[in-house]
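# Notes for the structure review
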Amino acid sequence: MEGGGGSGNKTTGGLAGFFGAGGAGYSHADLAGVPLTGMSPLSPYLSVDPRYLVQDTDEFILPTGANKTRGRFELAFFTIGGCCMTGAAFGAMNGLRLGLKETQNMAWSKPRNVQVLNMVTRQGALWANTLGSLALLYSAFGVIIEKTRGAEDDLNTVAAGTMTGMLYKCTGGLRGVARGGLAGLTLTSLYALYNNWEHMKGSLLQQSL
């Protein structure tokens, strides 16, 4: 009887060990440090190799010879359109201010509304045309300089801004050309300084250390 009981216990223990339900097993802490030689580190929740989920390459496929960043020609459309809309919005606000100032002695009536509306429309169109023209000249000079030098850097920005100011004020003689060029040089230099501010601070910190 004892032999039968012993054999029954052995059989039960063997079946339990086969199905992983009994016996002296290993805990998760014991198995955590065991290297899985020749095995992929699969996710414990999904049977997916995590290495396939890591994107260490570009998400988009670029044509042969294409740049990863947009050039000045691609940015020209955004620049011109943005300047036109900004000028129209600023001009409309300025026209509203001027219209209300010029008609402050008039009562609220149809003639006053028409006069204010005309001022808003006139100023909006004027500023949109002005900023749009400047953006067009700046973009054209930028594209030409980039294609000529074969490089894209802040020197193109400063040169394009200076030439834009000079050409825009060329009707005012040499003094107007000098003023326009100086204004363009100042604005584009400040813009270039703003873009490289973090890089300049990092370089200064490295030199101080």
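Computed from a predicted structure; not experimentally measured.

Glancing now at the UniProt feature "transmembrane region" (unreviewed entry) in the protein. The positions that UniProt labels "transmembrane region" (unreviewed entry) are, in the present scheme, residues 75-96 and 126-145. Measuring from the first to the last C-alpha atom of residues 75-96 gives 32 Å, for a span that is 100% helix and 0% strand. Taken end to end, residues 126-145 comprises 100% helix and 0% strand; its first and last C-alpha atoms sit 29 Å apart.

Another aspect to go through is helix α6 (residues 173-195). Taking 1.5 Å as the rise per residue, α6 with 23 residues should run 33 Å; its terminal C-alpha atoms sit 33 Å apart, in good agreement. All of the buried residues along α6 are Gly-176, Val-177, Gly-180, Gly-181, Gly-184, Thr-188 and Ala-192. Buried residues along α6 sit in contact with α4 (110-149) and α5 (154-168).

Between α5 and α6, the shortest axis-to-axis distance is 6 Å and the interhelical angle comes to 155 degrees. If you check the angle between α5 and α6, you find them roughly antiparallel. Viewed along their axes, α5 and α6 form a crossing whose handedness is right-handed. Mapping the contact onto sequence places Asp-154, Thr-157, Val-158, Gly-161, Thr-162, Gly-165 and Met-166 in α5 and Val-177, Gly-180, Gly-181, Gly-184, Leu-185, Thr-188, Ser-189, Tyr-191 and Ala-192 in α6.

Let us look at the packing of aromatic side chains. Per the stated rule, a full pass over the model turns up 2 aromatic pairs. Note on Phe-73 and Phe-77: the rings are 5.5 Å apart at their centroids and 85 degrees apart in plane angle, and the pair reads as edge-to-face. In this pair, Phe-73 and Phe-77 are both assigned in helix α3 (residues 72-102), 4 residues apart and thus about one turn of the helix distant. For Phe-73, a relative accessible area of 51% translates into the label exposed.

Glancing now at a nonpolar patch on the surface. A cluster of nonpolar side chains, namely Leu-190, Leu-193, Trp-197 and Met-200, defines an oily patch on the protein surface of about 380 Å² accessible area. Taking relative accessible area as the criterion, Leu-190 reaches 51% and is therefore assigned exposed.

This part covers the side chain of Asn-156. Structurally, Asn-156 is set in helix α5. Taking relative accessible area as the criterion, Asn-156 reaches 0% and is therefore assigned buried. Separated by 2.6 Å, the side chains of Asn-156 and Arg-149 make a polar contact. Each residue touching Asn-156, except ones within four places of it in the same chain, is listed here: Arg-72, Ile-145, Glu-146, Arg-149 and Ala-151.

The rules we used
- Each chain has its residues counted from 1, following the order in which its sequence is written.
- Confidence filtering applies because this is a predicted model: local features only for residues at pLDDT of at least 70, side-chain atom pairs given and counted only at 80 or more, and all residues used for totals across whole chains, interfaces and linings.
- No hydrogens and no water enter the side-chain calculation; it runs on all heavy atoms of the structure.
- UniProt positions are given in the numbering used here, feature names are shortened, and annotations may be inferred rather than shown by experiment.
- In this description a helix means any DSSP run of H or I spanning at least four residues, a strand means any run of E spanning at least two, and both kinds are numbered starting from the N terminus.
- A helix is expected to span 1.5 Å multiplied by its residue count minus one.
- A simple rule labels every residue: compare its accessible area, found with a 1.4 Å probe on the protein chains alone, to the largest value its type can have, and call it buried under 20%, exposed over 50%, or partly exposed in between.
- In what follows, residue pairs with any heavy atoms lying within 4.5 Å of each other are defined as contacts.
- All axes here are fitted lines through C-alpha atoms, helices being fitted over the stretch that makes contact, and every angle between N-to-C directions spans 0 to 180 degrees.
- Note that the term roughly parallel is reserved for angles under 35 degrees, roughly antiparallel for angles over 145, roughly perpendicular for angles of 65 to 115, and oblique for everything else.
- By definition, turning the near helix anticlockwise from the far helix through less than a right angle yields a left-handed crossing, and turning it clockwise yields a right-handed one.
- Each Phe, Tyr or Trp ring (for Trp, its six-membered ring) is paired with any other whose centre lies within 6.5 Å, and the angle between the two planes then decides the class: stacked below 30 degrees, edge-to-face above 60, tilted in between.
- A patch is a set of surface residues, each over 30% in relative accessible area and not in a salt bridge, joined within 9 Å for like charges and within 5 Å for the nonpolar side chains Val, Leu, Ile, Met, Phe, Trp and Tyr.
- Shrake-Rupley sampling with a 1.4 Å probe provides the accessible areas, and residues are treated as covered by the protein chains on show and by no other component.
- What counts as a salt bridge is simple: a side-chain nitrogen of Lys or Arg found within 4 Å of a carboxyl oxygen of Asp or Glu.
- Throughout this description, a polar contact denotes any pair of N or O atoms lying within 3.5 Å of each other; where both atoms belong to protein, one of them has to be capable of donating a hydrogen while the other can accept it, and for residues adjacent in sequence the pair is counted only when both atoms sit in side chains.

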